[in-house]
Amino acid sequence: MLYSDIASVFDKTERTSSRLEMTAILSDLFRTLEPRTLRSVVYLSQGKLHPDFFPQKLGMSDKLVLKAISLTSGFSENEVEKLSIKEGDPGTAAELLIGGKKQTALFSEPLTVERVIKNLVLIEGSEGKDSQERKMKLLANMLHDSGPIEARYLCRIVTGRMRVGAGSMTILDALALSFAEKSDRPEIERAFNVTCDMGMVAETLASGGMDAIRNVRVKLGNPIKVMLAERLPSLSEIMERMEGTCAMEYKYDGIRVQAHISEEGVRLYSRRLEDMTNNFPDIASSLKNALKGKEAIVEGECVSVNAKDGRMLPFQEVTHRRRKHGMEDAVKDYPVKIFLFDILQTDGEDTTDLPYPERRDILSHAFNDSDNIVMSHMQTVNSAAEAETFFTKALSDGCEGIMAKSVAGASVYRAGNRGFLWIKYKKDYHSDMTDTFDLAVVGAFYGMGKRKGRYGALLMASYDREMQTYATICKLGTGFDDAFLDSMPDLLDKYKTAGKPENVDSKMIPDVWFDPSVILEVTAAELSLSPIHTAAAGVFKEDAGLALRFPRFTGKVRNDKAPEDSTSVAEVMEMYGMQKI
Ligand code: ATP
């Protein structure tokens, strides 16, 4: 198959903002592909060669890509760089400079999907001396036989910034449309949520149909999308929703970790599927040594503790473990415990379909005693008064609140879902809000006065899952200390774009735009209607969206969340509804 056929489909999806149209375009392509090729094309459409959780990444630097464009096009590196800065994307620069070459090149060979994949595998595997030069030449080799559109997407794939706009949900829609019934869509999504591998799901569906999809189970080594909690404004409402009885656990304020433990070793994944094994080597080895069985997948929260008395320390302490270098010192200086709260697989048996009480029982017998492995503190609660006592104790023990968990027969582990089987309740002394917001930075305003020469305020957005856009919700200028103000360019500038990113919905125009990538935790006094912001625009009032009043940065950069995990517009609407009660 020619790569140009695929590149032209990427181009068509990029040109439409309608999710329905995007689904139809992708589905037309998917139907024509062999299952194995489909798998690769699904990864490529997301700018990858493998699922997200694979450690290997293509990740070529912009500089190297510009060099390859220069070599192929005959334009100087300086000229290519200028154009790339102007367009805000090396891919567009390649498109403009490499266009037309294909027809005149004497020794050009057709660029097939197979050849693209073979070269990308070589780029990914290049290591050691001269590897940069080799990568650059492999890319140039493909660009030589590319037309403009093919060149655009080759450069985007190798830098990992596809910008096609088709998110995971659209790809799932397209797969259902190509190979199944509309009503099968939730089952296909379940298969993705328990494996986090869209390519595998596509290949399984195309080759084995829905029967094969129903057989997809959790698998050691494939991180599972995490189950998430809903919120309610009071403990009495939580008890009512739980029909009078539930399990309550402490809500620990640390880093969520999913541990895949086997005889070969342990891998720890963050909630955004990054491999964190190197950040918690002590926890990894304790889990392996203390596991009674042969293998298991468990979840817990890693929390920093005081070395002397074992008391829990604030969230900021555990973030010292996120560093890349000097881990040996960090392990000594910042001791950590893992508080386990769920089990998803044990000795080959998928436990996600078991109700919570059964999972909890299995979990509580799964490990031998160990200093840094602890079961989350849990109690069965039967009234709002008991819930209140448990909550107060959780706060005095240094937790941020409680997690109420359903004990009903249907209380399965719902991978990738936020629902009322788990309900969180947190202390929030700043306001009457039920929760903090995790928002994506989409822009910055230059500072004035004391903040002159730095970014003074940020434009923040919430993710609209339906529209697959980031809608603005506040301008954030409070809660930044000097250290954070100084660190902003390092944190944000790599995501700068030439103009407003396609997927940002904003009426405000900041001085600098960013691709939504960095997530900050924000508190606020309340949600109010605003003519300036676009979150839930027109839902509660014509010409108005929802905005945060008196937003304040809490100091937490949520490295553990991907931009699509930011507090969604649907959640914001729900919180606005609760606030009015
Ligand atoms: P938050 O920002 O409040 O941590 P979140 O969006 O990360 O929320 P939620 O599902 O809303 O995720 O809240 C649950 C989070 O709380 C989990 O992701 C986990 O990191 C943490 N947590 C701490 N203790 C527990 C517990 N006992 N059971 C489940 N999750 C817990």
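Everything numeric here is computed off the predicted structure, so don't read it as measured data.

J.: Help me understand the nonpolar core, please; the structure alone is not making it clear to me.
T.: Phe 30, Ile 69, Leu 120, Ile 123, Leu 139 and Leu 143 are the most contacted members of the largest nonpolar core, which has 79 residues in total. No other element matches the seven residues that helix α13 (residues 198-214) contributes to this core. When sequence neighbours within four positions are dropped, the list of residues in contact with Phe 30 reads Leu 38, Val 42, Ile 171, Ala 174, Leu 175, Ser 178 and Phe 179. The next biggest cluster of nonpolar side chains, apart from the first, holds 32 residues, and it includes Cys 474, Leu 485, Val 512 and Val 569.

J.: Honestly, the site of the ligand in this entry has me stumped. Any pointers?
T.: As a matter of local geometry, the ligand sits amid 19 residues, with Ala 229, Arg 271, Glu 301, Lys 424 and Arg 558 nearest to it. The contact in question runs from an oxygen atom of the ligand to an N or O atom on the side chain of Arg 271, over 2.6 Å. Taking Lys 424, its side chain carries an N or O atom lying 2.4 Å from an oxygen atom of the ligand. Considered on its own, the ligand offers 590 Å² of accessible surface; in the complex 97% of this is hidden by protein. Taken together, the residues of the shell around the ligand break down into seven nonpolar, no polar and twelve charged.

J.: Would you explain the packing of helix α11 (residues 168-179) against helix α12 (residues 185-195) in this entry?
T.: One way to put it is that α11 packs onto α12 with a least axis distance of 10 Å and a crossing angle of 130°. Accordingly, the angle class assigned to the pair α11 and α12 is oblique. For the crossing formed where α11 meets α12, the hand is right-handed. In contact with Ser 168, Met 169, Leu 172, Asp 173 and Ala 176 of α11, α12 contributes Arg 185, Ile 188, Glu 189 and Phe 192.

J.: Could you clarify how one ought to interpret a negative patch on the surface in this entry?
T.: On the surface, a cluster of negative charge is made up of Glu 263, Glu 264, Asp 347 and Glu 349. Tracing the chain through its elements places Glu 264 in the loop between β3 (255-262) and β4 (265-269). The class for Glu 264 is exposed, based on a relative accessible area of 74%.

J.: Sorry if this is basic, but what is going on with the sheet that holds strand β10 (residues 401-405) here?
T.: Paired through their backbone hydrogen bonds, the strands of a sheet run either parallel or antiparallel. The five strands are arranged β1-β11-β10-β2-β9 in an open sheet whose pairing can be described as mixed. The sheet is open, and its two edges are formed by β1 (228-231) and β9 (378-381), each paired on a single side. Neighbour to neighbour, the strand axes of the sheet diverge by 40° on average, direction disregarded. Note that strand β2 (residues 246-251) and β10 share five bridges and pair antiparallel.

J.: Hey, could you run me through the pairing of strand β13 (residues 455-464) in this one?
T.: The two faces of the sheet receive side chains in turn, since in a regular strand these alternate between them. Among the ten residues in β13, ten count as buried, and that is most of the element. Both strand β12 (residues 437-446) and β13 contribute to a ladder of six bridges, which runs antiparallel. Considered in β13, the bridge of Val 441 is made with Met 460. Here β13 pairs with strand β14 (residues 469-476) via seven bridges, running antiparallel. Directly across from Ala 461, in β14, lies its bridge partner Thr 472. Hairpin connection, β13 to β14: the antiparallel pair is bridged by four residues, and Gln 468 has positive phi, about 55°.

J.: Before we go on, may I ask you to explain unusual backbone geometry in this structure?
T.: Most of the time, phi is negative for any residue but glycine, and the peptide bond is trans. In the Ramachandran plot, Asp 130 falls in the positive-phi region, its phi being about 65° despite a non-glycine side chain. If you trace the backbone, Asp 130 turns up in the loop between α8 (113-125) and α9 (131-144). Positive phi is not limited to glycine here, since Glu 243 has a value of about 55°.

What counts and what doesn't
- Residues numbered from 1 in each chain as written.
- Predicted model: local features only at pLDDT ≥ 70, side-chain atom pairs only at ≥ 80, totals over all residues.
- Heavy atoms only, no water.
- Core = buried A, V, L, I, M, F, W, Y, C linked by side-chain atoms within 4.5 Å.
- Buried < 20%, exposed > 50% of the residue type's maximum accessible area, 1.4 Å probe, protein only.
- Helix = DSSP H or I, 4+ residues; strand = E, 2+ residues; numbered from the N terminus.
- Contact = heavy atoms within 4.5 Å.
- Near = heavy atom within 4 Å.
- Polar contact = N/O pair within 3.5 Å; in protein donor to acceptor, adjacent residues only side chain to side chain.
- Areas by Shrake-Rupley, 256 points an atom, 1.4 Å probe, with all protein chains shown as cover.
- Nonpolar A, V, L, I, M, F, W, Y, C, P; charged D, E, K, R; others polar.
- Axes fitted to C-alpha atoms, helices over the stretch in contact; angles between N-to-C directions.
- Parallel < 35°, antiparallel > 145°, perpendicular 65-115°, else oblique.
- Left-handed = near helix turned anticlockwise from the far one by under 90°.
- Patch = residues over 30% accessible without salt bridge, like charges linked within 9 Å, V, L, I, M, F, W, Y side chains within 5 Å.
- Salt bridge = Lys/Arg side-chain N within 4 Å of Asp/Glu carboxyl O.
- Lys, Arg positive; Asp, Glu negative; His and termini not counted.
- Charge placed at Lys NZ, Arg CZ, Asp CG, Glu CD.
- Pairing = 2+ DSSP bridges.

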